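Listed below are the residues making up each chain.
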Amino acid sequence: MDYTPAEIMITLSARALAGEKTVFVGVGLPNIACNLARRTVAPALELVYESGVFGARPARLPLSIGDPALVSGATSVCSMAELFMNYLQGGRIEVAFLGGAQIDRFGNLNTTVIGDYERPKVRLPGSGGACEIAIHARRVFIIMRLMKRAFVERVDFVTSPGHLVGRAGDRAAQGIPGRGPELVVTDKAILSFDGETGEMVLTSVHPGVSVAEVQAEVSWPLQVADPLGVTKPPTGEELRLIREELDKVGAYR
Amino acid sequence: MEVRLLSMEEAIARHVHDGDMVAIEGFTASICFAAGHEILRQGRRDLVLCRMTPDLLYDQMVAAGCARKLIFSYLGNPGVGPLHCIRRAVESGVPQRLEMEEYSHFGMVARYAAGAAKLPFFPLRSYVGTDQPRVNPAIRFLDSPYGDGEVAVVPPLYPDVAILHGQRADASGNTQLWGLLGVQKEAAFAARHVIVVVEEIVDEAVIRSDPNRTVIPNLVVDAVVHEPRGAHPSYAQGYYDRDNRFYLEWDRISRDEGETKMWLDEWVYGVANWSGYLEKLVAREPGIWERLRPGESLAEPVNYGSYGDDGGGGRRD
């Protein structure tokens with residue numbers, strides 16, 4: 001069955017949420033992924049948005065994380081102070097999705113600038129809530145397209161901490177409560193992080209993709225899991241839910 | 001009850017001055033474009049603009065050259081892409097250099113909360129392992145006096161004026177909001193002066209019928225402006241939806257400096273006031289408010305109870 005890069009990323013992200021209870025949702029692919037998970041592998045999943053919404057039940061695909069459709073029918077809507085203090089810093093969020101313009105081998109993310117901070121080549125959006133999400137969510141899943149200019153040896157700016165410089169226990173020693181990035185879902189492969197070194201490891205290639213093709217899009221010599229898995233492609237039902245219910249207009253495909 | 005109703009022209013003339021620190025807040029929802037445009041028409045300069053998410057409004061204001069500095073936490077056209085005018089200012093100094101003071105969302109929330117509570121700083125567990133403190137020296141770390149390690153701290157934010165859009169207020173400024181609350185309350189209490197702008201002016205009795213919904217009390221309000229649809233192209237929960245066509249259109253217009261100028265000349269400087277803007281909108285698209293009208297989703301009424309001598313209950317003996 002044919003599927004787009006976005007569709008396999010949505011599907012794999014949704015599957016990773018199996019059995020989860022709370023997820024901190026970003027707009028775009030994570031948003032569809034979380035809604036797909038709620039209809040498939042995680043029926044009890046509550047969607048939390050940094051705009052202050054807990055338990056959203058959006059009747060349409062939200063245009064942004066501040067869409068009015070997130071409010072109507074939600075379990076609770078609170079101020080952003082309460083959201084960041086009580087929900088996030090209070091340790092109530094199990095999983096969160098993040099992405100970025102750049103990621104390094106330890107999962108540190110850059111959403112601030114390409115180039116020098118004072119004279120940037122490209123000025124990116126900045127942190128938003130990403131920095132706190134990376135620090136406080138118990139686990140972080142990253143969704144990014146695999147591209148050499150994004151998977152870099154060293155990010156130009158650390159906006160959101162991953163496994164820092166890659167020693168086990170560094171996050172805890174620095175007082176960071178969350179366990180950090182656990183999974184990177186891309187359009188070509190799935191990567192995870194080594195429990196000792198905090199370094200990214202290729203764990204599964206998507207059907208028809210070779211290890212060499214993955215390595216070609218990563219700037220450092222990539223560690224490869226043994227045995228290496230092959231990703232199970234989206235099922236007909238997963239694709240039907242995405243195309244006919246969650247993203248009818250095809251905004252994210 | 002003191003009546004604080006002013007026209008937008010009067011409110012801006014009285015409370016926004018050259019060089020002021022101005023916070024027009026509202027997280028995606030209830031962004032008071034009407035006030036921002038009036039500030040531009042009155043030609044204010046050298047403003048320090050604070051907003052968690054500068055959004056299209058500050059993109060327009062930066063393009064118009066009224067700002068010398070931006071204090072913020074996320075630069076984006078929400079759900080669409082970058083803010084091209086602010087990017088031009090930062091990357092190429094067009095139309096002028098823009099000083100940037102940058103936080104995370106929690107950092108900005110904490111700055112407003114410290115300002116509201118008049119605290120010297122606000123502690124938060126954030127920024128560890130990031131480059132953000134390196135480029136913003138106001139983000140610092142302190143040892144907890146109770147021996148549980150370091151916490152980040154940020155200073156209070158005291159805007160000279162906060163401009164906050166809400167659904168309804170009485171004439172004295174008691175303002176009720178629902179939907180996303182953002183940092184509206186914290187910004188109102190942190191600011192030296194507050195202008196509230198609302199969709200509807202209601203009787204004081206309406207406010208008193210539902211006190212939990214009064215997010216901004218008249219205690220902190222200097223001026224109330226009745227400006228229906230004053231948050232277009234953003235939205236007011238239950239009143240009108242976000243005009244996403246305009247958010248997409250701005251992505252195109254704002255890529256080009258000349259087109260941006262033409263847009264400002266036509267839609268900001270080319271009208272006398274917000275009514276003029278709304279007339280132009282309807283002339284261009286007669287069905288716009290029909291297109292943006294949400295369906296109905298009513299809250300169940302609650303019983304606050306009546307406890308007076310003649311209220312029929314609550315006897316104390």
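Residues numbered from 1 in each chain as written. Chains lettered and ligands numbered in written order. Predicted model: local features only at pLDDT ≥ 70, side-chain atom pairs only at ≥ 80, totals over all residues. Heavy atoms only, no water.

## What to know about the environment of B:Arg245
If you trace the backbone, B:Arg245 turns up in helix α9 (residues 244–253). Those residues in contact with B:Arg245, other than ones at most four positions away along the chain, are B:Glu285 and B:Arg291. (Helix = DSSP H or I, 4+ residues; strand = E, 2+ residues; numbered from the N terminus. Contact = heavy atoms within 4.5 Å.)

## Overview of the nonpolar core
Grouped together as the largest cluster of nonpolar side chains are 118 residues, with contacts concentrated most on A:Leu17, A:Val23, A:Phe151 and B:Tyr112. Here this core gets 7 residues from one element, more than from any other, and that element is helix α5 (residues 105–117) of chain B. The residues contacting A:Val23, other than those within four sequence positions of it, are A:Leu17, A:Cys34, A:Leu45, A:Glu46, A:Leu47, A:Val48, A:Val95 and A:Phe97. Among the nonpolar cores identified, the runner-up in size contains 60 residues, and B:Ile31, B:Cys66, B:Cys85 and B:Val271 belong to it. (Core = buried A, V, L, I, M, F, W, Y, C linked by side-chain atoms within 4.5 Å. Buried < 20%, exposed > 50% of the residue type's maximum accessible area, 1.4 Å probe, protein only.)

## Describing the confidence of the model for chain B
Residue-level pLDDT values for chain B average 96, and 97% of them are 70 or greater. Scored as a whole, the predicted complex attains pTM 0.96, and scored at its interfaces, ipTM 0.96. (pLDDT = per-residue confidence, 0-100.)

## Describing the environment of B:Glu259
Looking at the element boundaries, B:Glu259 is found in helix α10 (residues 257–269). Note: C-alpha distance between B:Glu259 and B:Ala188 (71 residues apart in sequence) is 35 Å.

## What about the side chain of B:His165?
Mapped onto the elements, B:His165 comes out in strand β8 (residues 161–169). If near-sequence neighbours (up to four positions away) are discounted, B:His165 is found in contact with B:Ser30, B:Cys32, B:Leu177, B:Gln184, B:Val197, B:Glu199, B:Glu227, B:Gly230, B:Ala231 and B:Tyr240.

## Some thoughts on the interface of chain B and chain A
The interface is formed by 44 residues belonging to chain B together with 44 residues belonging to chain A. Buried area between chain B and chain A, summed over both chains or domains, comes out near 3700 Å², and the portion from carbon and sulfur atoms is 61%. The interface formed by chain B and chain A includes 2 salt bridges. Note that B:Glu102 and A:Arg123 form a salt bridge whose closest N and O atoms lie 2.6 Å from each other. Contributions of two or more residues to the side of chain B that touches chain A are made by α4 (84–92), β4 (99–102), α5, β5 (122–124) and α6 (132–135) of chain B. Per element, the largest residue contribution to the side of chain B that touches chain A is 4 residues, and it comes from α5(B). Grouping the amino acids of the side of chain B that touches chain A by side-chain chemistry returns 19 nonpolar, 15 polar and 10 charged. (Buried area = accessible area lost by both parts, 1.4 Å probe. Salt bridge = Lys/Arg side-chain N within 4 Å of Asp/Glu carboxyl O. Nonpolar A, V, L, I, M, F, W, Y, C, P; charged D, E, K, R; others polar.)

## Some remarks on the state of the cysteines
Disulfide: a covalent bond connecting the sulfur atoms of a pair of cysteines. Applying the stated criterion to the full structure yields 0 disulfides over all chains. Free cysteine A:Cys131: the closest other cysteine sulfur is in A:Cys78, separated by 19 Å. Overall, A:Cys131 belongs to the buried group, its relative accessible area being 0%. Here B:Cys50 is not cross-linked by a disulfide; its sulfur's nearest cysteine counterpart is in B:Cys66, at 12 Å. Judged by relative accessible area, which is 0%, B:Cys50 ranks as buried. (Disulfide = S-S within 2.5 Å.)

## Describing the sheet that holds strand β7 (residues 150–154) of chain B
Residues and elements named next belong to chain B. With antiparallel pairing, 3 strands are arranged side by side in an open sheet as β5-β7-β6. Bordering the open sheet on either side are β5 and β6 (140–143), each of which pairs with just one other strand. Mean inter-strand twist for the sheet, computed between neighbouring axes without regard to direction, equals 45 degrees. In the sheet, β6 pairs with β7 via 4 bridges, with the strands oriented antiparallel. In the sheet register, Asp-143 faces β7, and the bridge partner there is Glu-150. Relative to β5, α5 is tilted by about 155 degrees, and along the sheet it contacts β5 and β7. (Pairing = 2+ DSSP bridges. Axes fitted to C-alpha atoms, helices over the stretch in contact; angles between N-to-C directions.)

## A short note on helix α11 (residues 274–284) of chain B
Residue and element names in this part refer to chain B. Among the residues making up α11, those that are buried are Trp-274, Gly-276, Tyr-277, Leu-278 and Leu-281. If you follow the buried residues of α11, they end up packed against α2 (33–41), α10 and α12 (288–291). The distance from a side-chain oxygen at the start of α11 to the backbone nitrogen of Ser-275 is 3.2 Å, and the residue carrying that oxygen is Asn-273. (Polar contact = N/O pair within 3.5 Å; in protein donor to acceptor, adjacent residues only side chain to side chain.)

## What to know about the packing of helix α3 (residues 55–63) of chain B against α9(B)
All names here are of chain B. Between α3 and α9, the shortest axis-to-axis distance is 11 Å and the interhelical angle comes to 35 degrees. For the pair α3 and α9, the crossing hand works out as left-handed. Across the interface between the two elements, Asp-55, Leu-56, Asp-59 and Gln-60 of α3 pack against Phe-246, Tyr-247 and Trp-250 of α9. Of the residues that constitute the contact of α3 with α9, the class distribution is 4 nonpolar, 1 polar and 2 charged. (Left-handed = near helix turned anticlockwise from the far one by under 90°.)

## Observations concerning the sheet that holds strand β14 (residues 223–230) of chain A
Residues and elements named next belong to chain A. Sheet architecture is open: 10 strands sit in the order β4-β3-β2-β1-β5-β10-β11-β12-β13-β14, paired in mixed fashion. Edge positions in the sheet fall to β4 (76–77) and β14, since each of these pairs with one other strand and no more. The pairing of strand β2 (residues 46–49) with strand β3 (residues 53–54) spans 2 bridges and is antiparallel. Looking at β3, one finds that Tyr-49 is bridged to Val-53. Packing of helix α1 (residues 5–15) onto the sheet brings it into contact with β5 (95–98), β10 (139–143), β11 (181–185) and β12 (189–193), and relative to β11 it is tilted by some 150 degrees.

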